[in-house]
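In case you want the letters, here they are:
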Amino acid sequence: MATDYKFEGWMGLDNTAAEGNMVWQEFEPKPWEETDVDIKITHCGICGSDMHTLRSGWGPTTYPCCVGHEIVGIAVRVGSKAEGGIKVGDRVGVGAQSDSCLGRKGDCEECAAGLEQHCSTHMVGTYNSTYMNGGKSYGGYALYNRSPSHFVVKIPDAIPSAEAAPMLCGGITTYSPLRQNGCGPGKKVGIVGVGGLGHFGIMFAKALGADKVVAISRKSDKKEDALKLGADQYIATDDDADWVSNNSRSLDLIISTVSSSKMPIAGYVSLLRTGGTFVQMGAPEDGALSIPAFILIMNRIKFGGSLIGSPDEIREMLQLAADKKVHSWVEERPMKDANKTILDMDAGKARYRYVLVNEQ
């Protein structure tokens, strides 16, 4: 079945794309299946993963590549076997994952347990991956997106599209480890890094009912923002020589959003109470993280990681955001300015998430 619309977007042709050299051109979406949904994209958030991929920072990228995995738009074509009750005209979104082995060749253990993001057979990213039917995945710096319906979620009416978009990756990446590690009443939680991910971490920790939320950053320049986001305390590690001793064993859970091998990880872990949990989410390009084995052993610390969230968990997060009036801090930019905007994001200018908007 032919469509009356073209799939066009900003394509990275080589690793210089991250320098603001993406090119607008047509691309071929995955071959249509009756389980798919075509989305006319209205908004797409810019994520740090986009930059890592454009410059082949996490490994060789398969160019040409259209990044963007915080997609919100309108369903314009819905397959006859689509899931989720999606209808043409619904406002929907797609996050960082758009396919897995689910229902294809007998579910893997992870998909059967509702942990599709950890699919051990065929986890498909929304861009720079290959679908189960052999098609290539292209992201949301574009006019249209085609994704399997299992990974397409409806957006609650209470959440504006520009605010919903970055929740689909940035939001769920912090919500999931908070939720899975018991964030709630009686817990004291630290969020390392006050940026695109960290600002969500602060807000969702508060929305989940944590007794105390502590924002941790290198400099004091984000203190005012962190307190407005809901943090009860702010630690600036470069500006307080005694930050470790002053806050030792004061937190139950720490979520780290920082992507640097040079982070003072032993200091961060020292802030945890005996039996506390440290969850790392940032994936550094500049080397491996050191493991503070002695502190882990002496304080019985649990040290782990987390990856986005399942479609059901995304729905749960969006409903919490609607109920608790969680508002993403975003700056909208025209889709035509994508090259300039990725440079501004890479320079750390976002407060705290850029969202590209298709103006037509």
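Residues numbered from 1 in each chain as written. Predicted model: local features only at pLDDT ≥ 70, side-chain atom pairs only at ≥ 80, totals over all residues. Heavy atoms only, no water.

Re the packing of aromatic side chains
1) Next: One pass over the full model with this rule turns up 11 aromatic pairs.
2) Next: Measuring from centroid to centroid gives 5.2 Å for Phe278 and Phe303, while their planes differ by 10°, and the two rings are stacked. You can see Phe278 sitting in strand β14 (residues 272-280) and its partner Phe303 sitting in strand β15 (residues 302-305), a full 25 residues away along the chain.
3) Next: These aromatic residues form a ring-pair network of at least three members: Tyr5, Phe7, Phe27, Tyr138 and Tyr144.
4) Next: A cation sits over an aromatic face here: Lys30 above Tyr131, 5.3 Å from the ring centre. (Phe/Tyr/Trp six-rings, centres within 6.5 Å; stacked < 30°, edge-to-face > 60°. Helix = DSSP H or I, 4+ residues; strand = E, 2+ residues; numbered from the N terminus. Lys NZ or Arg CZ within 6 Å of the ring centre and 35° of its normal.)

Describing the domain arrangement of the protein chain
1) Next: Its domain assignment divides the protein chain into domain 1 (8-169 + 309-357) and domain 2 (171-305).
2) Next: Taking the mean C-alpha position of each, domain 1 and domain 2 sit 27 Å from one another.
3) Next: Facing 23 residues of domain 1, the contacting portion of domain 2 comprises 24 residues.
4) Next: Among the residues domain 1 hides against domain 2, the three largest losses belong to Glu313, Trp329 and Tyr352. Together they make up 31% of the total. (Domains from an automatic or database assignment. Contact = heavy atoms within 4.5 Å. Buried area = accessible area lost by both parts, 1.4 Å probe.)

Concerning the sheet that holds strand β12 (residues 233-236)
1) Next: Pairing within the open sheet is parallel, and its 6 strands lie in the order β12-β11-β10-β13-β14-β15. Unpaired on one side and paired on the other, β12 and β15 mark the two borders of the sheet. The mean inter-strand angle of the sheet, taken between neighbouring strand axes irrespective of direction, is 20°.
2) Next: With 4 bridges joining them, strand β11 (residues 212-217) and β12 adopt parallel strand pairing. (Pairing = 2+ DSSP bridges. Axes fitted to C-alpha atoms, helices over the stretch in contact; angles between N-to-C directions.)

Notes on unusual backbone geometry
1) Next: Along the chain, Tyr63 connects to Pro64 via a cis peptide bond; the corresponding omega equals 0°.
2) Next: By the secondary structure assignment, Pro64 is in the loop between α1 (48-54) and β4 (71-78).
3) Next: Across the junction of Arg351 and Tyr352, the peptide omega takes the value 5°, indicating a cis bond.
4) Next: Along the chain, Tyr352 falls in the loop between α10 (338-346) and β17 (353-357).
5) Next: In this structure, Ser56 is a non-glycine residue whose phi angle is positive, near 55°.
6) Next: Residue position: Ser56 is located in the loop between α1 and β4.
7) Next: For Ser56, a relative accessible area of 22% corresponds to the partly exposed category.
8) Next: Here the phi dihedral of Ile308 falls at roughly 30°; this positive angle occurs in a residue that is not glycine. (Buried < 20%, exposed > 50% of the residue type's maximum accessible area, 1.4 Å probe, protein only.)

Regarding the pattern of salt bridges
1) Next: Per the counting criterion, the structure on display carries 20 salt bridges.
2) Next: Its salt-bridge partner being Arg333, residue Asp344 comes within 3.1 Å of it at the nearest N-O pair. With Asp344 in helix α10 and Arg333 in strand β16 (residues 330-334), this residue pair connects regions lying 11 residues apart in the sequence. The residues Asp344 and Arg333 share a single accessibility class, namely buried. (Salt bridge = Lys/Arg side-chain N within 4 Å of Asp/Glu carboxyl O.)

Considerations on the environment of Val326
1) Next: Along the chain, Val326 falls in the loop between α9 (311-324) and β16.
2) Next: C-alpha separation for the pair Val326 and Leu229, spaced 97 residues apart in sequence, amounts to 9.5 Å.
3) Next: Those residues within four positions of Val326 in sequence are excluded, and the remaining contacts are Glu163, Met167, Met203, Phe204, Ala207 and Ala321.

Details of the pairing of strand β8 (residues 144-148)
Two faces, one strand: in a regular strand the side chains alternate between the faces of the sheet.
1) Next: Within β8, 5 of the 5 residues are buried, which leaves it mostly tucked inside the rest of the structure.
2) Next: Burial along β8 is two-sided: the face carrying Tyr144, Arg146 and Pro148 and the face carrying Asn145 and Ser147 are both buried.
3) Next: Summarising the sheet, strand β3 (residues 36-45) and β8 pair through 5 bridges and their orientation is antiparallel. Within β8, the residue paired with Val37 across the bridge is Ser147.

Description of the side chain of Glu313
1) Next: By secondary structure assignment, the location of Glu313 is in helix α9.
2) Next: Notably, Glu313 is buried but unbridged: the nearest opposite-charge side chain belongs to Arg179, and the N-O separation is 6.1 Å.
3) Next: Not counting the four nearest positions on each side in its chain, Glu313 is found in contact with Gln117, Ile172, Tyr175, Ser176, Arg179, Gln180 and Ile308. (Lys, Arg positive; Asp, Glu negative; His and termini not counted.)

Considering the environment of Ile86
1) Next: Following the sequence through the fold, Ile86 ends up in the loop between β4 and β5 (91-94).
2) Next: In sequence terms Ile86 and Val37 are 49 residues apart; their C-alpha atoms lie 8.4 Å from each other.

Let's talk about α9
1) Next: Taking 1.5 Å per residue as the helical rise, α9 with its 14 residues ought to reach 20 Å, and the 20 Å between its terminal C-alpha atoms agrees with that figure.
2) Next: For α9, every residue scored as buried is listed here: Pro311, Glu313, Ile314, Met317, Leu318, Leu320, Ala321 and Ala322.
3) Next: Against the buried residues of α9 lie β9 (152-154), α3 (161-180) and α4 (198-207).
4) Next: Once α9 finishes, Lys325 follows within two positions and takes phi at roughly 55°, a positive value. (Expected span 1.5 Å × (residues − 1).)

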